[in-house]
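Okay, here's what each chain looks like letter by letter:
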Amino acid sequence: MSPGRAGAGGGLARGLAITLRTMSRRSATRQYPDVPPDLPPRSRGVIALFEENCTVCMLCARECPDWCIYIDSHKETVPAREEGARARQRNVLDRFAIDFALCMYCGICIEACPFDALFWSPEFEYAEYDIRELTHEKDRLREWMWTVPAPPPLDPGAETPKELAAAHKAAEKLAAAAQAAPPRAQDAHAQARDAHAQARDAQEPQEGNA
Amino acid sequence: MMAELLVIVLKVLVVLAAFLLLPLLVGQLEHKAMAHMQSRLGPMYAGGFHGWAQLVADGVKFVQKGEVVPAAADRAVYQLAPAVALLPYLLVLAVVPVGPGAVASTLDLGLFFALAVTGIGVVGMLMAAWASANKYSLIGGLRGAAQLLAYELPLVLAAVSPAMAAGTLSLTGIVQAWRPWWLLWQLPAAVVFFVAGLAEIRRPPFDMPIADSELVFGYLTEYSGLRFALFILAEYAGIVVISALTAVLFLGGWKGPLLPGPVWTLIKVIALSFVVIWLRVTYPRLREDQLQKLAWLGLVPVALAQLALTGVVAVAVAS
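Residues numbered from 1 in each chain as written. Chains lettered and ligands numbered in written order. Predicted model: local features only at pLDDT ≥ 70, side-chain atom pairs only at ≥ 80, totals over all residues.

(A) Region of the structure containing the overall build of chain B. Within chain B one finds eleven helices and zero strands. Scanning chain B from its N terminus toward the C terminus, one meets helices and strands in the order α-α-α-α-α-α-α-α-α-α-α. A compact globule built from 319 residues would reach a C-alpha radius of gyration of about 20 Å, and chain B, at 20 Å, matches this within 12%. Summarising its shape, the C-alpha atoms of chain B cover approximately 65 × 50 × 45 Å along the three principal directions. Residues counted as buried form 46% of the 319 residues belonging to chain B. Considering only contacts within chain B whose residues lie at least 6 apart along the sequence, 78% involve residues at least 24 apart. (Helix = DSSP H or I, 4+ residues; strand = E, 2+ residues; numbered from the N terminus. Rg over C-alpha atoms; globule rule 2.2 N^0.38 Å. Buried ≥ 20, exposed ≤ 12 C-beta atoms within 10 Å, placed from the backbone. Contact = placed C-beta atoms within 7 Å.)

Shown next as structure tokens:
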């Protein structure tokens, strides 16, 4: 309000009212070390490694924009399971480390991981006095896994996740096949195709997903 | 003889205790009230419960700090200044009546004494400003002097009004003569006295002599440690004194329903101290020219008009 409209006294009184009103309300202070902060879901605190899922494909390390992921591994020979089969090889993870002094928390490694081995955790209290301590080795990254929250529920109206959509489709296909029962062996192939089309019609909104 | 001496010692002790405790209380009130007015919490740790011991911790910290006297400073004056700034307020508290007959020193000229002694506090500030040998201190001191010249006049004129109405200069006498309807009759004088008192003790929005964004810290720039703490204590003691004088002159001192007199005095002093803090949080600092304009074009005419009104009504009531 311009001072001219209410006169100088009005402005002064408004000022006093504002401070008094603020005083009667709860203060905005977050008492952080005493009261843990209320973080939003999907907060980017630290990256956790689910070591059991890692296949040492190195995709995360290669996608990392600032090269802060260090991976060492060796190959082990898995003896043939059946007589006469060929022995196979698999990768064994020796070292997996993320240097959080370099990490810029872009989350590209987590997006890139095809095996769900990397996750965001909301924990953020891992400051150190020595910068070298910020390189978390794989045992420490594995420990962060325990702090990873369950994924938040989907927004209303969101697309069904791919895995669920595929499962639904398979189930509907089976049901359709059972309904069109009297089995005429020679037509089985055509029937299956019809069921497939039916299922697709039923799931029209998710077409792009199918 | 012995008993008399004991009573005097006791009175001095009580005044000293009030002098040391009330400013701390006001200081803590300022910490918390200002914080909440700014949507903060203020001190929360010292002492455990909502930072009640924050000022004690501050005091301990100030005592530990080194006393630095600038090489070019006028050493004796520099070191004496905090005492000169602080002591007048202690002396004023001695003549403020807290209850009927409960006053440390009965003076017939109580009001005169209080106003005269309050002015000495400014001398302490001028001493600090001049002796610091620092240009910021000096500018702050000169601003303070100009402020004193401008605001002493409305302060005294406003204080004369209740004295005229009561027909006495004794603070106890003024409270005894006070009637509730004086609240309305003496309202302009009360406002002028309170505002001029704020300027007298250099509280924001009248803190041009300190003006930390322009003058570093004005006349306090060079001070550190215990002497700085004494200046800060003087500021809070000043709040208590101005609030107490306003309460005694315009709000009827110890008069009030139900509760005993001294409690009413305390309530009024604390409430006025809160208003002092409230004004500090709400308003920005006045510019030097605005400061002078407010005194000469605002407060002095109002005080003079109030004096005329008081005179007319007093004569009308008497006849």
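Structure's up, so let's keep going.
(B) The overall build of chain A, seen in detail. Looking only at helices and strands, chain A features six helices and five strands. In sequence order, chain A lays out its α and β elements as α-β-α-β-β-α-β-β-α-α-α. The burial tally for chain A puts 10% of its 210 residues in the buried class. Within chain A, contacts between residues at least 6 apart in sequence are counted, and of these 70% link residues at least 24 apart.

(C) The arrangement of the sheet that holds strand β5 (residues 135-136) of chain A in detail. All names here are of chain A. Spatially, three strands are ordered β2-β3-β5 in an open sheet, and the strand pairing comes out antiparallel. Taken across any chain shown, the strands that pair with only one partner, and hence form the sheet edges, are β2 (69-78) and β5. Of the strand pairs in this sheet, β2 and strand β3 (residues 88-99) are connected by ten bridges, and their pairing is antiparallel. Bridging across to β3, aspartate 72 finds its partner in arginine 95. (Pairing = 2+ DSSP bridges.)

(D) Structural context of the interface of chain A and chain B. Opposite the eight residues of chain A that make contact, chain B presents ten residues. Classifying every residue of the side of chain A that touches chain B gives three nonpolar, five polar and no charged. (Nonpolar A, V, L, I, M, F, W, Y, C, P; charged D, E, K, R; others polar.)

(E) Broad picture of the packing of helix α2 (residues 54-64) of chain B against helix α9 (residues 225-250) of chain B. Residues and elements named next belong to chain B. The geometry of α2 relative to α9 is characterised by a closest axis approach of 6 Å and an angle of 140° between their N-to-C directions. Between α2 and α9, the crossing angle belongs to the class labelled oblique. For the pair α2 and α9, contact is made by Gly59, Phe62 and Val63 and by Gly225, Leu226, Phe228 and Ala229, respectively. (Axes fitted to C-alpha atoms, helices over the stretch in contact; angles between N-to-C directions. Parallel < 35°, antiparallel > 145°, perpendicular 65-115°, else oblique.)

(F) Spotlight on the environment of Leu157(B). Residue and element names in this part refer to chain B. Mapped onto the secondary structure, leucine 157 falls in helix α5 (residues 135-166). When the C-alpha atoms of leucine 157 and methionine 2 are compared, they prove to be 42 Å apart, with 155 residues separating the residues in sequence. With sequence-adjacent residues up to four places away left out, leucine 157 is seen in contact with Val300, Ala303, Leu304 and Leu307.

(G) View of the environment of Cys68(A). Here Cys68(A) shows up in the loop between α2 (59-63) and β2. Each residue touching Cys68(A), except ones within four places of it in the same chain, is listed here: Ile98(A), Asp99(A), Leu102(A) and Cys103(A).

(H) The arrangement of the pairing of β3(A) in detail. Relative to β5(A), β3(A) runs antiparallel, the two being bridged by two bridges. The residue of β5(A) that forms the bridge with Asp99(A) is Thr135(A).

(I) Region of interest: α5(B). Helix length check: α5(B), at 32 residues, gives a terminal C-alpha distance of 46 Å against a target of 46 Å (1.5 Å per residue), a fit within 8%. Taken from the residues just after α5(B), Gly167(B) is the one with a positive phi, measuring 75°. (Expected span 1.5 Å × (residues − 1).)

(J) Structural detail: helix α3 (residues 75-95) of chain B. All names here are of chain B. Where α3 bends most, the angle comes to about 35°, and this point is alanine 81, followed within four residues by the proline proline 82. Those residues of α3 lying buried are Tyr78, Ala81, Pro82, Ala85, Leu86, Pro88, Tyr89, Val92, Leu93, Ala94 and Val95. Here the buried face of α3 lies against α1 (2-37), α4 (110-131), α6 (171-177) and α9. (Bend = angle between axes of the 7 residues up to and from the residue.)

(K) Just the confidence of the model for chain A, in detail. Summary statistics for chain A give a mean pLDDT of 82 and a share of 82% for residues scoring 70 or more. Low pLDDT (under 50) marks residues 204-210 of chain A, which in the prediction has eleven contacts with non-local residues, meaning those over four places away or in another chain. (pLDDT = per-residue confidence, 0-100.)

(L) Region of interest: unusual backbone geometry. Of note, the bond from Pro204(B) into Pro205(B) is cis; its omega dihedral lies within 30 degrees of zero at 5°. Summarising the element assignment, Pro205(B) is placed in the loop between α8 (187-200) and α9. The phi dihedral of Met58(A) is positive, around 70°, even though this residue is not glycine. One can find Met58(A) in the loop between β1 (46-49) and α2. You can call Met58(A) exposed: it has 12 C-beta atoms within 10 Å.

(M) Structural detail: the confidence of the model for chain B. All names here are of chain B. Chain-level pLDDT for chain B is 85 on average; 99% of the residues reach the 70-or-more range. Confidence, expressed as mean pLDDT per element, reaches its minimum in chain B at helix α7 (residues 182-185) with 82 and its maximum at α8 with 89. In the model output, the complex is listed with pTM 0.74 alongside ipTM 0.73.

(N) Here's a closer look at the environment of Phe19(B). All names here are of chain B. Among the structural elements, phenylalanine 19 can be located in helix α1. Counting along the chain gives 218 residues from phenylalanine 19 to alanine 237, while the straight-line C-alpha distance between them is 6.9 Å. Phenylalanine 19 has contacts with Leu90, Leu93 and Ala237, leaving out every residue within four places of it along the chain.

(O) Region of interest: the packing of α1(B) against helix α10 (residues 261-282) of chain B. Residue and element names in this part refer to chain B. Taken N-terminus to C-terminus, the directions of α1 and α10 make an angle of 40°; their axes are 10 Å apart at the nearest point. Classified by the angle their axes make, α1 and α10 are oblique. Note on packing geometry: the crossing formed by α1 with α10 is right-handed. Taking contact as the criterion, the partners of Val26, Leu29, Glu30, Ala33, Met34 and Met37 in α1 are, on α10, Ser273, Phe274, Ile277 and Val281. Grouping the constituent residues of the contact of α1 with α10 by class yields eight nonpolar, one polar and one charged. (Left-handed = near helix turned anticlockwise from the far one by under 90°.)

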